[in-house]
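Analysis of the macromolecular model
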Amino acid sequence: MPRGVFMSPQCNDEWISIGQKNMTLSKNEIKFIKTTLMPILDSSPSGSYFALEVCDENPGVKGVIRVNSVAHNFIGEVRAKNIFRMSTELKKDLLKKIEIWKLSRFL
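What comes next is a walk through the structure. (Residues numbered from 1 in each chain as written. Predicted model: local features only at pLDDT ≥ 70, side-chain atom pairs only at ≥ 80, totals over all residues. Heavy atoms only, no water.)

Details of helix 2 (residues 83–104)
Taking 1.5 Å of rise per residue, the 22 residues of helix 2 would be expected to cover 32 Å, and the 32 Å separating its terminal C-alpha atoms lies within 8% of that figure. Along helix 2, the residues that are buried comprise Ile83, Met86, Ser87, Leu90, Leu94, Ile98 and Trp101. Down the axis of helix 2, the buried set is contained in an arc of 95°. They therefore lie on one face. Looking at helix 2, the residues exposed on the side facing more than 90 degrees away from the buried face are Lys96 and Leu103. (Helix = DSSP H or I, 4+ residues; strand = E, 2+ residues; numbered from the N terminus. Expected span 1.5 Å × (residues − 1). Buried < 20%, exposed > 50% of the residue type's maximum accessible area, 1.4 Å probe, protein only. Arc of directions from axis to C-beta.)

Some points on the packing of aromatic side chains
Evaluation of the coordinates by the stated rule reveals three aromatic pairs. Between the aromatic rings of Trp15 and Phe50, the centroid separation amounts to 5.3 Å while the plane-to-plane angle is 75°, which identifies the pairing as edge-to-face. Taken as a pair, Trp15 in the loop between strand 1 (5–6) and strand 2 (17–21) and Phe50 in strand 3 (residues 49–56) lie far apart in primary sequence, 35 residues in all. Accessibility expressed as a relative area gives 1% for Phe50, which makes it buried. Geometrically, the ring pair formed by Phe74 and Trp101 is edge-to-face, given 5.7 Å between the ring centres and 80° between the ring planes. With Phe74 in strand 5 (residues 73–80) and Trp101 in helix 2, the pair connects residues that are 27 residues apart, well separated along the chain. Note on Trp101: relative accessible area 12%, which makes it buried. (Phe/Tyr/Trp six-rings, centres within 6.5 Å; stacked < 30°, edge-to-face > 60°.)

Printed below as a string of structure tokens:
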């Protein structure tokens, strides 16, 4: 798993580390992934580290995302037929986990 990237208050294009295993992502695929996963950045605890590893799994791809913070750590893993579906499913999975955590932390 690649080392995570600490997100400063000023967002830039390097807010998430993306590792690639047995494949090479195009610039357009990387841009799509970052754009699709941006809501995770907005919903995560402040000071979070973000790391994604994308693996070729013939057929299809696997994505594993880790969001680590002092407050809580999250992990999501998705297998999908392509990068675009993988990104969308990872976003849904992590946003759901973050929302559940937010609701439960004050109970």
